[in-house]
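Residues per chain are reported as follows:
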Amino acid sequence: MAFLTDTFSVQGTMGDKLVAFWSSFREARTKRAVYRQTINELAGLSNRELADLGIHRSAIRRIAYESAYTK
């Protein structure tokens, strides 16, 4: 004779989920702030200063994205 037992585990309390949500929210907000700050700083440079750094103006958003979201 075969028996089937259905079990499950709770993946955390509502409080744990709320803490995880706020933690991920703060992390995303921090990354977005780094992204915006990088764009603002690079956009404020002249074409000559960007050329000295080896950066074309069209690459500013890519560089900002890489600095904020990849590590």
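Right above here is the structure, for reference.
Residues numbered from 1 in each chain as written. Predicted model: local features only at pLDDT ≥ 70, side-chain atom pairs only at ≥ 80, totals over all residues. Heavy atoms only, no water.

Assigned secondary structure in the protein chain consists of 3 helices and 0 strands. Sorting the 71 residues of the protein chain into buried and exposed places 14% on the buried side. Within the protein chain, residue pairs in contact and separated by at least 24 positions form 43% of the contacts whose partners lie at least 6 positions apart. A total accessible area of about 6,400 Å² is found for the protein chain, and carbon and sulfur atoms account for 58% of it. (Helix = DSSP H or I, 4+ residues; strand = E, 2+ residues; numbered from the N terminus. Buried < 20%, exposed > 50% of the residue type's maximum accessible area, 1.4 Å probe, protein only. Contact = heavy atoms within 4.5 Å. Areas by Shrake-Rupley, 256 points an atom, 1.4 Å probe, with all protein chains shown as cover.)

Let us now look at the packing of aromatic side chains. For the structure shown, the criterion picks out 5 aromatic pairs. Here the aromatic rings of Phe 21 and Trp 22 are separated by 5.5 Å at their centres, their planes lie at 70 degrees, and the arrangement is edge-to-face. Judged by relative accessible area, Phe 21 falls into the partly exposed class, the value being 47%. A centroid spacing of 6.3 Å and a plane angle of 20 degrees characterise the contact between Phe 21 and Phe 25, whose relative ring orientation is stacked. (Phe/Tyr/Trp six-rings, centres within 6.5 Å; stacked < 30°, edge-to-face > 60°.)

Given a rise of 1.5 Å per residue, 30 residues ought to cover 44 Å, and the 43 Å separating the end C-alpha atoms of helix 1 (residues 14–43) matches this to within 8%. Those residues of helix 1 not exposed but buried are Tyr 35, Thr 38, Ile 39 and Leu 42. Each element contacted by the buried residues of helix 1 is listed here: helix 2 (47–53) and helix 3 (60–69). (Expected span 1.5 Å × (residues − 1).)

Attention shifts here to the pattern of salt bridges. Taken as a whole, this structure holds 3 salt bridges when the rule is applied. For Arg 62, the salt bridge is made with Glu 66, and the minimal N-O distance between the two is 3.3 Å. Residue Arg 62 and its partner Glu 66 are both found in helix 3; the two are separated by 4 residues, about one turn of the helix. Judged by its relative accessible area of 37%, Glu 66 falls in the partly exposed class. (Salt bridge = Lys/Arg side-chain N within 4 Å of Asp/Glu carboxyl O.)

Here the focus is the nonpolar core. Considering soluble globular proteins, one finds that nonpolar side chains tend to be buried as a cluster. Tyr 35, Ile 39, Leu 42, Leu 50, Ile 55, Ile 60, Ala 64 and Ala 68 together form the largest nonpolar core, which totals 8 residues. When contributions to this core are tallied by element, the ones reaching two or more residues are helix 1 and helix 3. (Core = buried A, V, L, I, M, F, W, Y, C linked by side-chain atoms within 4.5 Å.)

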